[in-house]
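# Chains, contacts and geometry: an overview
What follows is the residue order along each chain.
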Amino acid sequence: TALRNTGSTLQFNATSEQSNEIRADRNVTDIIRTQSSVSGNINFELSYATYDDFIDGVLSGARTGTGVLGDEYITTNGVTKKYFTFERKFETGATDAYEQFTSNEVDTMSLSFAASSIVTGSMTMLGIAATQSTVSIDGDGYTPANTNRVFNAVNMITTVLEGGVEFKTNVQSLTMDFANNKRESRAIGSEAPSCIGDGQFVTTGQLTAYFKDNTVYEKFLNQTITSVQMELEDDAGNKININMPSVLYTNVAREIPGNNEDVMVVLDYQAIYDAGIGGSVEFTQTDAV
């Protein structure tokens, strides 16, 4: 499937070692490649159903449901690994050039919601190998990408709940960062990683809001568990609900920029395990009727 994106740094990486053999003529005997891998970012503007596979991938979640109202798609972070193959096509005239990246996993994903802005995101991939060819690995051609409208933070965020209370009019910006702490596992006999190992799944972010009272600051001082939930709906009626039911504020700063400027409260947060959803974050998606 053709992937909608705003840029990519996905590439094949290699590390080499220079021979240290001592020669009377002072020349280098050889350079040996010792390891290789695939890594890089894919940047995007969030639209409905475009990045579902990657959301499931970063969450390592097993999606349930059919997407209809009452049986929504639901993905909670878990331990189900998901693998991706990417192909990049370069138009080079009569014969095109293709580059393939195989056995990729989503290591991190970030989402950014800011006033008067498009909702943007970025994901970091880790992979095993790369190949190149003059022929696509997709012999019958790419499936066209969907044409769902890009979400914005102007009129497509229907609700933001903090501690179960509507907080949308307070919020200037909100970020969500999902990290799997993946690692390249190396073994004798292989230049490429033998596999990509998983670490802790960590959800963090920052919420910047207009300061109105001490409610959220007191939650930080008292280490009170709260919750953060957001729902988006595009023009067609497709909905994405992101729920973090157990959240702790790890740092809070109240900023007083100067005369004629708003006082802001900047909240760093981390989502922790919640028994109700069996994880720390849950995506619920509902197709338009």
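The structure displayed is predicted, hence computed values, not measured ones.

### As for the overall build of the protein
Within the protein, the regular secondary structure consists of 2 helices and 18 strands. Expressed as lengths along the three principal axes of its C-alpha atoms, the size of the protein is roughly 75 × 50 × 40 Å. A burial count over the protein gives 38% of its 289 residues as buried. Across the protein, contacts joining residues at least 24 apart in sequence account for 67% of those joining residues at least 6 apart. Counting every atom, the protein has about 15200 Å² of accessible surface; 47% of that belongs to carbon and sulfur. Positive and negative side-chain charges of the protein, numbering 18 and 37 respectively, have mean locations separated by a distance of 4 Å.

### Looking at a nonpolar patch on the surface
Judged by side-chain polarity, Phe-211, Ile-256 and Val-263 come together as a nonpolar surface patch covering roughly 260 Å² of accessible area. In this fold, Ile-256 is placed in the loop between β16 (239-255) and β17 (264-271).

### Regarding the pairing of strand β15 (residues 226-233)
With 6 of 8 residues buried, β15 lies mostly within the body of the structure. Two successive antiparallel strands, β15 and β16, enclose a turn made up of 5 residues, where Gly-237 displays a positive phi of approximately 100°.

### Considering the packing of aromatic side chains
Going through the model one piece at a time under the given rule, you end up with 7 aromatic pairs. Taking 4.7 Å as the distance between ring centres and 25° as the angle between the ring planes, the aromatic pair formed by Phe-54 and Phe-84 counts as stacked. In this pair, Phe-54 is assigned in helix α1 (residues 52-59) and Phe-84 in strand β5 (residues 84-90), connecting sequence segments 30 residues apart. Accessibility expressed as a relative area gives 10% for Phe-84, which makes it buried. Among the aromatic residues, those joined into a cluster by ring pairs are Phe-54, Phe-84 and Phe-86. The lysine or arginine in question, Arg-63, covers the ring of Tyr-73, its NZ or CZ lying 5.2 Å from the ring centre. Lying across the ring of Tyr-217, Arg-254 places its NZ or CZ 3.9 Å from the centre.

### Some thoughts on the pattern of salt bridges
Between side chains of opposite charge, pairing is possible as soon as their charged atoms come close. Enumeration according to the criterion identifies 14 salt bridges in this entry. Taking the shortest distance from any N to any O, the salt bridge between Arg-63 and Asp-52 comes out at 3.3 Å. With Arg-63 in the loop between α1 and β4 (73-76) and Asp-52 in helix α1, the pair connects residues that are 11 residues apart, well separated along the chain. Residue Asp-52 is classed as buried on the basis of its relative accessible area of 14%. With its nearest N and O atoms 3.7 Å apart, the salt bridge here joins Lys-89 to Asp-96. Residue classification places Lys-89 among the partly exposed residues on the basis of a relative accessible area of 36%.

### Notes on the nonpolar core
Within the largest apolar cluster, 49 residues are counted, with the highest numbers of intra-cluster contacts made by Phe-113, Met-176 and Phe-283. It is β16 that contributes the most residues to this core, 6 residues altogether. Not counting residues up to four positions away in its chain, the partners in contact with Phe-283 are Ile-55, Leu-59, Tyr-73, Ile-74, Thr-75, Leu-111, Phe-178, Ile-240, Asn-241 and Ile-242.

### Re α1
Burial analysis of α1 places 7 of its 8 residues in the buried class, which makes it a mostly covered element. Every buried residue of α1 is accounted for by Asp-52, Phe-54, Ile-55, Asp-56, Gly-57, Val-58 and Leu-59. Close packing links the buried residues of α1 with β4, β5, β6 (97-114), β7 (120-127), β11 (171-179) and β18 (282-286). Once α1 finishes, Ser-60 follows within two positions and takes phi at roughly 50°, a positive value.

### Digging into the environment of Tyr-210
Topologically, Tyr-210 is positioned in strand β14 (residues 202-210). Distance in space between the C-alpha atoms of Tyr-210 and Arg-33 is 54 Å, their sequence separation being 177 residues. Ignoring anything within four residues of it in the chain, the contact list for Tyr-210 reads Thr-169, Asn-170, Gln-172, Asp-262, Val-263, Met-264 and Val-265.

### Overview of the pairing of β18
Taking burial as the measure, the 5 residues of β18 include 5 buried ones, the bulk of the element. The alternating pattern of β18 places Glu-282, Thr-284 and Thr-286 and Phe-283 and Gln-285 on opposite faces, both of which are buried. Note: β16 against β18, 5 bridges, orientation antiparallel. Note on β18: the bridge partner recorded for Ile-242 is Phe-283.

Reading guide: rules and limits
Residues numbered from 1 in each chain as written. Predicted model: local features only at pLDDT ≥ 70, side-chain atom pairs only at ≥ 80, totals over all residues. Heavy atoms only, no water. Helix = DSSP H or I, 4+ residues; strand = E, 2+ residues; numbered from the N terminus. Buried < 20%, exposed > 50% of the residue type's maximum accessible area, 1.4 Å probe, protein only. Contact = heavy atoms within 4.5 Å. Areas by Shrake-Rupley, 256 points an atom, 1.4 Å probe, with all protein chains shown as cover. Lys, Arg positive; Asp, Glu negative; His and termini not counted. Charge placed at Lys NZ, Arg CZ, Asp CG, Glu CD. Patch = residues over 30% accessible without salt bridge, like charges linked within 9 Å, V, L, I, M, F, W, Y side chains within 5 Å. Salt bridge = Lys/Arg side-chain N within 4 Å of Asp/Glu carboxyl O. Pairing = 2+ DSSP bridges. Phe/Tyr/Trp six-rings, centres within 6.5 Å; stacked < 30°, edge-to-face > 60°. Lys NZ or Arg CZ within 6 Å of the ring centre and 35° of its normal. Core = buried A, V, L, I, M, F, W, Y, C linked by side-chain atoms within 4.5 Å.

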